[in-house]
Amino acid sequence: MMMTHQVFGGTDRAQRDVVQSVWRGFRGRCPHCGQGRLFGRFLKVAEACENCGEDMSHHRADDLPAYLVVLIVGHVVVGAFVGAEVMFKLSTWQHLAIWAPLTVAMSLALLQPVKGAVVGLQWALYMHGFGGQHDVIETHPEL
């Protein structure tokens, strides 16, 4: 872990290794210690790390993981579909038999790792309560 200090949000905090935190989250591990499980269930982030006690309850991954999975799977499946269409003569049913299950399988396989990576990124950048401060929603920032 990097030990340099940088100012984040007006306070002096130790800089966290973003790549390492994202990789730990991608593997389903605590972004802080890398040992505890990040998920209690398939997509439910654990309240706290079972190893180091890091509080994970305030993460805000929201829809970003699903959007990233759609982006990744869409590019892979559409590219493969177009390549197969050019190389082979397949019927509509054959295409459905190949691409529909592949799309579902890839989406389910990537959703948890991508969500873990997003939580790891939030932890590394002190976002959404990981820095000890609660999010403040400005209803009228122009005032």
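Residues numbered from 1 in each chain as written. Predicted model: local features only at pLDDT ≥ 70, side-chain atom pairs only at ≥ 80, totals over all residues. Heavy atoms only, no water.

Draft legend 1. Molecular detail of the overall build of the chain. When you go through the chain residue by residue, the secondary structure sums to three helices and two strands. Along the chain, helices (α) and strands (β) appear in the sequence β-β-α-α-α when read from the amino end. Burial status across the chain gives 30% buried among its 143 residues. For the chain, contacts bridging at least 24 residues in sequence account for 53% of all contacts bridging at least 6. (Helix = DSSP H or I, 4+ residues; strand = E, 2+ residues; numbered from the N terminus. Buried < 20%, exposed > 50% of the residue type's maximum accessible area, 1.4 Å probe, protein only. Contact = heavy atoms within 4.5 Å.)

Draft legend 2. Summary view of the packing of helix α2 (residues 64–87) against helix α3 (residues 92–124). Where α2 contacts α3, the two axes come as close as 8 Å, and the packing angle between them is 150°. As summarised for this structure, α2 and α3 are arranged roughly antiparallel, according to the angle between their axes. Helix-helix and strand crossings are classified by hand; for α2 and α3 the assignment is right-handed. Residue composition of the contact of α2 with α3, grouped by class: 19 nonpolar, three polar and two charged. (Axes fitted to C-alpha atoms, helices over the stretch in contact; angles between N-to-C directions. Parallel < 35°, antiparallel > 145°, perpendicular 65-115°, else oblique. Left-handed = near helix turned anticlockwise from the far one by under 90°. Nonpolar A, V, L, I, M, F, W, Y, C, P; charged D, E, K, R; others polar.)

Draft legend 3. Quick look at the side chain of Arg 16. Along the chain, Arg 16 turns up in the loop between β2 (11–14) and α1 (18–26). This buried residue, Arg 16, is left without a salt bridge; Glu 54 holds the nearest opposite charge, at 4.8 Å. Among the polar contacts listed, one links the side chain of Arg 16 to the backbone oxygen of Trp 123, at a separation of 2.5 Å. Only 3.4 Å separates the side chain of Arg 16 from the side chain of Tyr 126, close enough to count as a polar contact. (Lys, Arg positive; Asp, Glu negative; His and termini not counted. Salt bridge = Lys/Arg side-chain N within 4 Å of Asp/Glu carboxyl O. Polar contact = N/O pair within 3.5 Å; in protein donor to acceptor, adjacent residues only side chain to side chain.)

Draft legend 4. The arrangement of the environment of Val 77 in detail. Inspection of the secondary structure puts Val 77 in helix α2. What makes Val 77 buried here is its relative accessible area of 10%. When the C-alpha positions of Val 77 and Ile 98 are compared, they lie 10.0 Å apart, and in sequence the two are 21 residues distant. Setting aside anything within four residues of it in sequence, one finds Val 77 in contact with Trp 99, Leu 102, Thr 103 and Met 106.

The analysis is restricted to geometry; functional conclusions fall outside its scope.
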